[in-house]
Amino acid sequence: PRLLSQFFFADERVTRVVAEINGLGAELDPQQYLVLLNQLHLSQAHLLAVLERIMEECIPTQRHSRDYLVKFPEELLVDNLGNHMLFAAECLLAGTFLEVEESDGAQLRPQARNLLCSLELVRTVLREQSLSQPNSYPEPVRAVLIQFDRLFAEFELSYVSSLVAVKSPDEIYRQQEIIVLFCETVERALHLGYLTQEMIDGYEPLLMFTIPRLAIISGLLIYPEGPLSLERSPEEMSRIFSPFYNLLKKIRDLLRVLSAEELCLLERSLCTAE
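Residues numbered from 1 in each chain as written. Predicted model: local features only at pLDDT ≥ 70, side-chain atom pairs only at ≥ 80, totals over all residues. Heavy atoms only, no water.

A.B. asks: Summarise the nonpolar core; cite the residues concerned and give the values.
C.D. replies: Residues Leu51, Ile54, Leu126, Leu145, Phe148, Phe155 and Tyr159 are the most contacted members of the largest nonpolar core, which totals 45 residues. Of all elements in the fold, only helix H1 (3-22), helix H2 (30-58), helix H3 (81-93), helix H4 (102-132) and helix H5 (139-163) reach the threshold of two or more residues within this core. No other element matches the 10 residues that H5 contributes to this core. (Core = buried A, V, L, I, M, F, W, Y, C linked by side-chain atoms within 4.5 Å. Buried < 20%, exposed > 50% of the residue type's maximum accessible area, 1.4 Å probe, protein only. Helix = DSSP H or I, 4+ residues; strand = E, 2+ residues; numbered from the N terminus.)

A.B. asks: Hey, could you go over the environment of Leu93 for me, with residue numbers and the actual values?
C.D. replies: Of note, Leu93 is situated in helix H3. By relative accessible area, which is 31% here, Leu93 ends up partly exposed. Between the alpha carbons of Leu93 and Gly105 there is a distance of 9.2 Å; along the sequence they are 12 residues apart. Those residues within four positions of Leu93 in sequence are excluded, and the remaining contacts are Arg109, Arg113 and Leu116. (Contact = heavy atoms within 4.5 Å.)

A.B. asks: Describe the pattern of salt bridges, and please don't skip the residues or the numbers.
C.D. replies: Going through the model one piece at a time under the given rule, you end up with 13 salt bridges. Two residues, Asp11 and Arg127, come together in a salt bridge whose shortest N-O distance is 2.8 Å. Taken together, the positions of Asp11 in helix H1 and Arg127 in helix H4 put the pair 116 residues apart, joining distant regions of the chain. The class of Asp11 is buried, set by a relative accessible area of 1%. If you follow the salt bridges from partner to partner, you end up with Asp11, Glu12, Glu120, Arg123 and Arg127 in one network. (Salt bridge = Lys/Arg side-chain N within 4 Å of Asp/Glu carboxyl O.)

A.B. asks: Lay out the domain arrangement of the protein with the relevant residues and their values.
C.D. replies: Split by domain assignment, the protein resolves into domain 1 (3-163) and domain 2 (169-272). A separation of 43 Å is found between the C-alpha centroids of domain 1 and domain 2. (Domains from an automatic or database assignment.)

A.B. asks: Can you tell me about the packing of aromatic side chains, naming the residues and giving the values?
C.D. replies: Applying the stated rule across the entire model yields three aromatic pairs. Look at Phe148 and Phe152: their rings are 5.7 Å apart centre to centre, the planes differ by 65 degrees, and that puts the pair in the edge-to-face class. Of the two residues, Phe148 and Phe152 are both situated in helix H5; the distance of four residues between them amounts to about one turn of the helix. Per residue, the accessibility class of Phe148 equals that of Phe152, and both read buried. Ring geometry for Phe155 versus Tyr159: centroids 5.6 Å apart, planes at 25 degrees, classification stacked. Of this pair, Phe155 and Tyr159 both sit in helix H5, four residues apart, which is roughly one turn of the helix. (Phe/Tyr/Trp six-rings, centres within 6.5 Å; stacked < 30°, edge-to-face > 60°.)

Structure below.
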């Protein structure tokens, strides 16, 4: 159950697969080469997972901030992102630019080199520690883990930023505004009896349609200064709603002519219509 012992065997697995790859020419047995590459990918992912648990146990309050992850597109936030970053660093160091422009790759190479050197140092230090005192993390061990964690975070942010346009602080704030709007919409719908707490607790599928519909009405009439404010230009709105700017204006104009009773009837119908 000791994490350092788990790390030792995970590291042994990576070392063994690398040795097999180095001893096999890709041109001699390409199929076996691909099999070993897949094994290397899996063994490195396991190694990083154990290392992550060690850092959470050893340096939980000294981890480098990962707040930048909120800037990443959601499709990049996958479980194997860390392993992908390691593979990207290895490719960059080898002079292979699979996903980035050559000019960006040249700028990223020093970071990739520092990251991989730091990982090799971590592997060496943790192996030695696992063989001597597998129940403790002395200061030298903590120091190399802190350095690796920082270098990994810095490379991850730099590499992803070279691939995609990360969200700006303004876009993140606009998304937070939408979250607040949806929360206030749900609270208002519960108060007016459009929804029940049982529907929310039971993850009623209809809510996937009901809440956004009610949120549009709330954003246009009840909270007109929020994220659906049409006093802003389309460029100032969240990218979720900006393509529908003109349609939202038409909806607002139609809503404004409804009486309170008609608005209530409309909202109730939106809670049941498919």
